[in-house]
Each structure stands twice: as structure tokens, then as C-alpha cells.
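Examination of the molecular architecture
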Amino acid sequence: ENDIVIARSLVDVYGKCGASRKAQEIFDKLPVRDVISWNGLIMGYVDNGHSEEALKCYEWMQIEGMSPDAATYVSVCRACGSIGDIQTGEKIHTDIERKDFLSEDMVLGNVLIDMYAQCGHLEEAHELFNVLQHYREISSWGALIAGYASCGRINRARRCFTDMKIQGIKPNELVFTNMMIACCHEGLVEEAICYFNSMQGEHGIDASLEHYGCIVDLLGRTGALKEACY
């Protein structure tokens, strides 16, 4: 009650440790609530899978007259993406553009792309991706590829993968996972195995259980049970 720095640090720590309810209790006792303490509470809810609560906090902070900053928007965009709340996401995007945050924060642009992709609005995701061409990084490409992969749009995923490599950006293990998932949707065994081998041989990325799981799943779906067991 007497030290705002310690109090908001406690909110942040409890949130990061998965104790969102305890974080809320500490937050409710704060004599002064600044944007940092709100961000700690909202981020804790998002990280622990309570996206609806995070969005309620986002609304309440504005009711109390507190203006969100870039870190707030990163968290609430993640919340919208995780529950597919495109209506709230679009309103947040409008606020972000009105405040001209996209020109200053590369992370925020990438999170917005991911939000649209997670909500299945891939055209909007790609349109924003094109607008933010100077801020593209592996997470931007990965978000697009993941979106196309989850919708079974293998050709668009392939094109993104190829364009990414042409522009000199090396794919990471998550990108390879999503390319294999895209192949699973289409039953493309040989192509999936090519990605799997390229990941290890060309890029030096060790295969994880998820990568092996994709290949086993694909082989099983196509009736190649002996190869799947092997």
C-alpha cells in the first residue's frame, strides 16, 4: 500500500507464476493504478489462458481513464487471437492505427498479423503483412504460414515459405512444423518428408517430438503403417 513499485511487481510475479487470482487481489488493493500495473495484470491473464478476463481488464482500465500503451495492445491482441474475437481485435487495430503505434513498434505489427491469422481472417493478415514490409521478421512469416496451414491452404503456405527464403529469412522449427501440418491436410507425404529432411540437413534444426508426430500422423493417415511405426 505504501510502495507502488513493489506492489505492481507482485502483480507481475503472481501473473507469471500462474496465480492470476492472487495477482488480481494485489491489484485491487493498489492505491494508484498506472499503466504498468494494468499491463502486468492483463499479461498474466493472457499467459494463463484467461483471455476473456484480460479483455475485461482492458475495457475497465479505459473506463477508469487509463490509456493503453503498446505493451497493453500486444497482450490484448494475443487475447483476441486465442479466442477468435475478431470484432474486438478489429476495434483494437483501429485504436492502434489512430495512435500511430505501428510505425514505432515492430512487435505490435507482428502480433496483429498473428491475431488475424488465428481468427481465420487471412486476407486481412496478408494485407497488413504487405503494409508492414519494412518490419517483417520470422514471426510475421510464421504467423501467415501457420494461418494458411491451419486452413489447409497449402499453395499459399508454400508461396510464403518460398518468398521468405528468397528474402534471406531462415525458417525456424515452428515454420517447419506448420509446413508439415499443411502437408498433413493434403496428404502430401513426400513433400512433408522433404521439409523434415531439409530442416535437419539444410538448416541444422533438430527434429522435436512434434515434428516426428506430424510425420507419423501423415503416414498413418495415408495407410503407410509400417513406415509410421519405423
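Quick note: structure is the one above.
The structure contained in this document is the topic of the report that follows. Source: prediction; values computed, not measured.

Time to look at the overall build of the protein. Secondary structure assignment for the protein yields 14 helices and zero strands. Written out in order from the N terminus, the α and β elements of the protein read α-α-α-α-α-α-α-α-α-α-α-α-α-α. Projecting the C-alpha coordinates of the protein onto the three principal axes gives extents of approximately 65 × 35 × 30 Å. Counting over 230 residues, the protein shows a buried share of 45%. For the protein, restricting intrachain contacts to residue pairs at least 6 apart in sequence, the fraction spanning at least 24 positions comes to 57%. Summing over all exposed atoms, the protein offers an accessible surface of approximately 12,200 Å²; the carbon and sulfur share of this is 52%.

The phi dihedral of Asp-100 falls on the positive side, at around 60°, and the residue is not glycine. Within the element layout of this structure, Asp-100 appears in the loop between helix 6 (86-98) and helix 7 (106-118). Judged by its relative accessible area of 44%, Asp-100 is partly exposed.

In the contact formed by helix 9 (residues 138-150) and helix 10 (residues 154-166), the axes pass within 8 Å of each other and the chain directions differ by 165°. Viewed along their axes, helix 9 and helix 10 adopt a mutual orientation that is roughly antiparallel. Note on packing geometry: the crossing formed by helix 9 with helix 10 is left-handed. Here helix 9 contributes Ile-138, Trp-141, Leu-144, Ile-145 and Tyr-148 to the contact with helix 10, which in turn contributes Arg-156, Ala-157, Cys-160, Phe-161, Asp-163 and Met-164.

Let us look at the packing of aromatic side chains. Enumeration over the complete set of coordinates arrives at seven aromatic pairs. Relative to Tyr-195, the ring of Phe-161 lies with its centre 5.2 Å away and its plane at 80°, an arrangement referred to as edge-to-face. Remark: Tyr-195 occurs in helix 12 (residues 189-201) and Phe-161 occurs in helix 10; sequence separation between them is 34 residues. As far as the burial class goes, Phe-161 and Tyr-195 line up, both buried. For the pair Phe-196 and Tyr-212, a centre-to-centre distance of 5.3 Å together with 65° between the ring planes defines the contact as edge-to-face. One end of the pair, Phe-196, is in helix 12; the other, Tyr-212, is in helix 13 (residues 209-221), and 16 residues separate them in sequence. You can call Phe-196 buried: its relative accessible area is 10%. Since its relative accessible area comes to 44%, Tyr-212 is described here as partly exposed. What links up through ring pairs into an aromatic cluster is the set Tyr-58, Tyr-73 and Phe-101.

Parameters and conventions
Residues numbered from 1 in each chain as written. Predicted model: local features only at pLDDT ≥ 70, side-chain atom pairs only at ≥ 80, totals over all residues. Heavy atoms only, no water. Helix = DSSP H or I, 4+ residues; strand = E, 2+ residues; numbered from the N terminus. Buried < 20%, exposed > 50% of the residue type's maximum accessible area, 1.4 Å probe, protein only. Contact = heavy atoms within 4.5 Å. Areas by Shrake-Rupley, 256 points an atom, 1.4 Å probe, with all protein chains shown as cover. Axes fitted to C-alpha atoms, helices over the stretch in contact; angles between N-to-C directions. Parallel < 35°, antiparallel > 145°, perpendicular 65-115°, else oblique. Left-handed = near helix turned anticlockwise from the far one by under 90°. Phe/Tyr/Trp six-rings, centres within 6.5 Å; stacked < 30°, edge-to-face > 60°.

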